[in-house]
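If you want the building blocks of each chain, they are given just below.
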Amino acid sequence: MGNTVIIGTQWGDEGKGKIVDLLSKHADYVVRFQGGNNAGHTMVVNGKAIISHLIPSGIIQQKKCFIGNGVVVDPFVLLDEIDYLISNSIDASPKMLRISDRAHIIMPYHRMIDSAREEKIGAQKIGTTGRGIGPCYEDKAARRGIRFCDLLDFDLFKEKVATILEEKNFYLTQYYKTKALDPDTVIREFKQIKDRLIPYIDDVSVILHEGIKNKKILLFEGAQGTHLDIEHGTYPFVTSSSVVSGNAANGSGVGPACFDEIIGIVKAYATRVGEGPFPTELFDEIGDKLQKTGSEFGATTGRKRRCGWIDMVVLKNAAKLNSLSGLAITKLDVLDDLDEIKICTAYEHNGKTIANFPAEIKILQECSPVYETHPGWKEDITAIRELDDLPINAKKYLARLEELSGVKIKIISVGPGREATIIKESIFN
Ligand code: GDP
Ligand code: IMO
Ligand code: MG
């Protein structure tokens, strides 16, 4: 396997964690490059589920893991996750995990602003995960963020916290009418954890470059999905980071020429958590069936995921934006029971066909999907491990996805477990 980037192609929760866990066996380093603990990646190994929010899923295969400069990290959540992994006999010590000194810290006021803002705007809310992701990236762009390297000079850290809290407390108390944060309390809480965090802080870019020089294989784990991207997604119903493959370089401090494969993870249908347009959303019993059969509940917030048919306008957009070299189709088994399966091939808007993903939310909301209908296979495929053994209608469905997207399918997932996978075209050479 060469250096590989894993990207969600839809609105997140495509099964990136499962595929990263699977591919980690062939990697030396596994790297997160954006997002934060808004992500929830589920790995199922020997029947046991492990969920990671911040630490790359490669930790399960005990590969060296890195949190890049593009990630926003809530240190309290990070330490809880480290403890959770240790309690599952997974080594998450500084030997296994390094955090970029340039990564920004999610501060308590980021979480407070995230929740207060959502509450205040009510019906117009984004439906965020409430983890402080947006406010942290806002401060990063506004050049008033606090980074992990700031913990290395605690006197300076204290000064920065005191200065920024003046502004945040004004905003919180005057605009959102919440309580103020006491600087001494915030500083005390960080003082209690800083000595545990410091051994994890490193110059991740330098280590990755050294690794590339020494022919280490790097696996980059995307979070969220292409249509939640701040630049290219259904703005403003997006997350606050760039999730596309180009940012795997920027968010980890490597150059874009080091990528050999870019694999787009595609759920065999579509889901979305939170608010925002979703042209193929189903409001009928088929939508309910996908939700139940696919156990579509958010791995971070536990919210019910909205469900619908697979959307090729979305997938083609993801192929274009990410330079996808291959696809991994997940949750194909969830369609086992359906009589008919639909594929959205384009949108219709005011009598016109739209083939490209529109920028305007209003247009997207008004679009109706153009569908083609395929017969289901009505067979349990969860035990199948060879492509040839798949029912003919499942093979036809996959072939049509390949044809419409113009990207080869390399992996097919037929269950949550690591073993429930069909390798269609090996990327492991
Ligand atoms: P991620 O955020 O992209 O890593 O995806 P999540 O972990 O949030 O959501 C995917 C869910 O689907 C998890 O519960 C996985 O265990 C599960 N899953 C992954 N692949 C498959 C599959 O092929 N079939 C089924 N039935 N479940 C799967
Ligand atoms: P993974 O990595 C699905 C959604 C939220 C909300 C929007 C903005 O598990 O695929 P944020 O808290 O980021 O400001 O929320 O983005 N969202 C996700 N949806 N999977 C995720 O991550 C998500 N991360 C954020 O529901 O609509
Ligand atoms: Mg998820």
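Summary of the structure given here.

Procedures and definitions
Residues numbered from 1 in each chain as written. Chains lettered and ligands numbered in written order. Predicted model: local features only at pLDDT ≥ 70, side-chain atom pairs only at ≥ 80, totals over all residues. Heavy atoms only, no water. Core = buried A, V, L, I, M, F, W, Y, C linked by side-chain atoms within 4.5 Å. Buried < 20%, exposed > 50% of the residue type's maximum accessible area, 1.4 Å probe, protein only. Helix = DSSP H or I, 4+ residues; strand = E, 2+ residues; numbered from the N terminus. Domains from an automatic or database assignment. Contact = heavy atoms within 4.5 Å. Near = heavy atom within 4 Å. Polar contact = N/O pair within 3.5 Å; in protein donor to acceptor, adjacent residues only side chain to side chain. Nonpolar A, V, L, I, M, F, W, Y, C, P; charged D, E, K, R; others polar. Arc of directions from axis to C-beta. Donors = N, O, S within 2.8 Å, 3.2 Å for Na, K, Ca; no water. Pairing = 2+ DSSP bridges.

1. A closer look at the nonpolar core
Nonpolar side chains in soluble globular proteins tend to end up buried together. Leu78, Met107, Phe148, Leu151 and Phe190 are the most contacted members of the largest nonpolar core, which totals 59 residues. Ranked by residue count, the leading element in this core is helix α5 (residues 154-175), at 6 residues. When residues of this core are sorted by domain, at least three fall in each of domain 1 (4-92 + 204-423) and domain 2 (104-200). Not counting chain neighbours up to four residues away, the residues in contact with Phe148 comprise Val73, Pro75, Ile99, Ser100, Asp101, Ala103, His104, Ile105, Leu197 and Ile201. Residues Ile7, Phe33, Cys307 and Leu398 belong to the second largest nonpolar core, which totals 51 residues.

2. Overview of the site of ligand 1
Around ligand 1, 20 residues are found, and the nearest of them are Lys16, Gly40, Thr42, Asp333 and Ser413. At 2.8 Å, a backbone N or O of Gly17 approaches an oxygen atom of ligand 1. Within the side chain of Ser413, one N or O atom sits 2.5 Å away from an oxygen atom of ligand 1. Contributions of two or more residues to the shell around ligand 1 are made by α1 (16-24) and β3 (41-45). Class assignment for the residues of the shell around ligand 1 results in 5 nonpolar, 8 polar and 7 charged.

3. Focus on helix α9 (residues 285-293)
Those residues of α9 lying buried are Gly287, Leu290 and Gln291. With its buried residues spanning 100 degrees around the axis, α9 presents them on a single face. For α9, exposure combined with an orientation more than 90 degrees from the buried face picks out Glu285 and Lys292. Buried positions along α9 lie against β13 (306-308). One side-chain oxygen of the residue at the start of α9 lies 3.1 Å from the amide nitrogen of Ile286, identifying that residue as Asp284. One or two steps after α9, the chain reaches Ser295, where phi turns positive at roughly 45 degrees.

4. Looking at the coordination of the magnesium ion (ligand 3)
Four donors placed tetrahedrally around a metal ideally meet at 109.5 degrees, and six donors placed octahedrally ideally meet at 90 or 180 degrees. Around the magnesium ion (ligand 3), the protein contributes the donor atoms Asp13 (OD) and Gly40 (O), which lie 2.0 to 2.2 Å from the metal centre. Here the residue Asp13 occupies a position in the loop between β1 (4-8) and α1, and Gly40 occupies one in the loop between β2 (29-32) and β3, the gap between them amounting to 27 residues. On the basis of relative accessible area, Asp13 is assigned to the partly exposed category, the value being 21%.

5. Some details on the pairing of strand β16 (residues 340-349)
For strand β14 (residues 310-311) and β16, the ladder comprises 2 bridges, and the chain directions are parallel. Across the sheet, Asp311 pairs through a bridge with Cys344, a residue of β16. Alignment of β16 against strand β18 (residues 368-375), held across 8 bridges, turns out to be antiparallel. Among the inter-strand pairings, Glu340 is bridged to a residue of β18, identified as Pro375. By the bridge criterion, 3 bridges tie β16 to strand β17 (residues 352-354) in an arrangement that is antiparallel. Among the inter-strand pairings, Glu348 is bridged to a residue of β17, identified as Thr353.

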